[in-house]
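# Coordinates in review
Next come the chains, spelled out residue by residue.
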Amino acid sequence: MIASVRGEVLEIALDHTVIEAAGIGYRLNVTPATLSTLTRGEETRLYTAMIVREDSMTLYGFADTEARDLFGLLQTVSGVGPRLAMAVLAVLEPEALRKALAESNVAALTRVPGIGKRGAERMVVELRDKVNLVPVQSGPPGTPAPVITPVREQVVEALTGLGFPAKQAEQAIDAVLAEQPAADTSVGLRAALNLLGKNR
């Protein structure tokens, strides 16, 4: 079982990359979000899932272990294979997928090509409780995951309500809480707004 591949990026295509490790070029199917983090000629490490079929052996690459674990979890739903699981992760980033499942947001899941209303409902029923067992990871491998606290959630909600993109809101409050772990919601919101104002 190949769990990760580290080496030089030889090729970047629409849905896959080729990484050379120890003289062997590995073709990994990846999502557009993962592709956007790669640069030809630079070294990278991708976490992998290997799917072995009678007629093929396919590697799927992920920027972090959370996405890889969610990829495996999605395939526990009947009717969801590797290709559809990758399509889900291409449309919904791990956090958005968790949120859609937790909130039974069938509409978000049906945005994925190949998933209809019934399939989305099945996903919600089968994965709603299991998805919380997958550890959250944010940022490059080796960086600590953000702590999900009521203050963080409330500030993100307030900032997205003001029109900031969720990702930007999360990065801002994470930066604030890293410096002021004891900040309450109003202090966190003010500091995050201040930070976002500087970045605009």
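Treat the numbers as computed from the prediction; the structure is a model and nothing was measured.

Calculation criteria
- Residues numbered from 1 in each chain as written.
- Predicted model: local features only at pLDDT ≥ 70, side-chain atom pairs only at ≥ 80, totals over all residues.
- Heavy atoms only, no water.
- Helix = DSSP H or I, 4+ residues; strand = E, 2+ residues; numbered from the N terminus.
- Buried < 20%, exposed > 50% of the residue type's maximum accessible area, 1.4 Å probe, protein only.
- Contact = heavy atoms within 4.5 Å.
- Areas by Shrake-Rupley, 256 points an atom, 1.4 Å probe, with all protein chains shown as cover.
- Domains from an automatic or database assignment.
- Buried area = accessible area lost by both parts, 1.4 Å probe.
- Salt bridge = Lys/Arg side-chain N within 4 Å of Asp/Glu carboxyl O.
- Polar contact = N/O pair within 3.5 Å; in protein donor to acceptor, adjacent residues only side chain to side chain.
- Nonpolar A, V, L, I, M, F, W, Y, C, P; charged D, E, K, R; others polar.
- UniProt positions renumbered as here; feature names shortened; annotations may be inferred.
- Axes fitted to C-alpha atoms, helices over the stretch in contact; angles between N-to-C directions.
- Parallel < 35°, antiparallel > 145°, perpendicular 65-115°, else oblique.
- Left-handed = near helix turned anticlockwise from the far one by under 90°.
- Expected span 1.5 Å × (residues − 1).
- Arc of directions from axis to C-beta.
- Pairing = 2+ DSSP bridges.

## Some thoughts on the overall build of the protein chain
A count of helices and strands for the protein chain gives nine helices and five strands. Starting at the N terminus and ending at the C terminus, the protein chain contains elements arranged as β-β-β-α-β-β-α-α-α-α-α-α-α-α. The C-alpha extent of the protein chain, read off along each of the three principal axes, is 55 × 45 × 25 Å. Residues classed as buried in the protein chain amount to 38% of the 200 residues present. Within the protein chain, contacts between residues separated by at least 24 positions form 49% of all contacts whose residues are at least 6 apart in sequence. Total accessible area on the protein chain is roughly 11,300 Å²; 53% of this is exposed by carbon and sulfur atoms.

## With respect to the domain arrangement of the protein chain
Domain parsing of the protein chain yields domain 1 (2–60), domain 2 (63–130) and domain 3 (149–197). With 14 residues of domain 1 at the contact, the number on the domain 2 side is eleven residues. Summing the contributions of domain 1 and of domain 2, the shared interface buries around 940 Å²; its carbon and sulfur component is 74%. The largest share of the area that domain 1 buries against domain 2 comes from T31, Y47 and Y60, three residues that together contribute 49% of it. At the junction of domain 1 and domain 2, the tally comes to zero salt bridges. Counting every contact that joins domain 1 to domain 2 gives one residue pair in polar contact (both at pLDDT 80 or more). Only helix 1 (32–35) and strand 4 (43–53) provide two or more residues apiece to the side of domain 1 that touches domain 2. Here the element with the most residues in the side of domain 1 that touches domain 2 is strand 4; it accounts for six residues. Split into classes, the residues belonging to the side of domain 1 that touches domain 2 amount to nine nonpolar, four polar and one charged.

## Topic: the UniProt feature "domain: Helix-hairpin-helix DNA-binding motif class" (unreviewed entry) in the protein chain
Sites flagged by UniProt as "domain: Helix-hairpin-helix DNA-binding motif class" (unreviewed entry) map to residues 72–91 and 107–126. For residues 72–91, the helix share is 65%, the strand share is 0%, and the end-to-end C-alpha distance is 16 Å. Between the first and last C-alpha atoms of residues 107–126 the distance is 17 Å; the span itself is 65% helix and 0% strand.

## What to know about the packing of helix 2 (residues 65–74) against helix 3 (residues 82–91)
At their nearest, the axes of helix 2 and helix 3 sit 9 Å apart, and the two run at 130° to each other. Classified by the angle their axes make, helix 2 and helix 3 are oblique. Both helix 2 and helix 3 take part in a crossing whose hand is right-handed. Seen from helix 2, the contacting residues are A67, L70, F71 and L74; seen from helix 3, they are P82, A85, M86, V88 and L89.

## Focus on helix 7 (residues 150–161)
The end-to-end C-alpha separation of helix 7 is 16 Å, in line with the 16 Å expected for twelve residues at 1.5 Å each. For helix 7, the complete set of buried residues consists of V151, R152, V155, V156 and L159. Around the axis of helix 7, the buried residues are gathered within 125° of arc, so they sit on the same side. Along helix 7, the residues that are exposed and aim more than 90 degrees away from the buried face are P150, E157 and G161. Once helix 7 finishes, G163 follows within two positions and takes phi at roughly 105°, a positive value.

## Observations concerning the pairing of strand 5 (residues 56–62)
The pairing of strand 3 (residues 24–29) with strand 5 spans two bridges and is parallel. When the bridges of strand 5 are listed, L28 appears paired with L59. Direction of pairing for strand 4 relative to strand 5: antiparallel, over a ladder of seven bridges. Paired with Y47 across the bridge in strand 5 is F62. Linking two consecutive strands that pair antiparallel, namely strand 4 and strand 5, is a turn of two residues.

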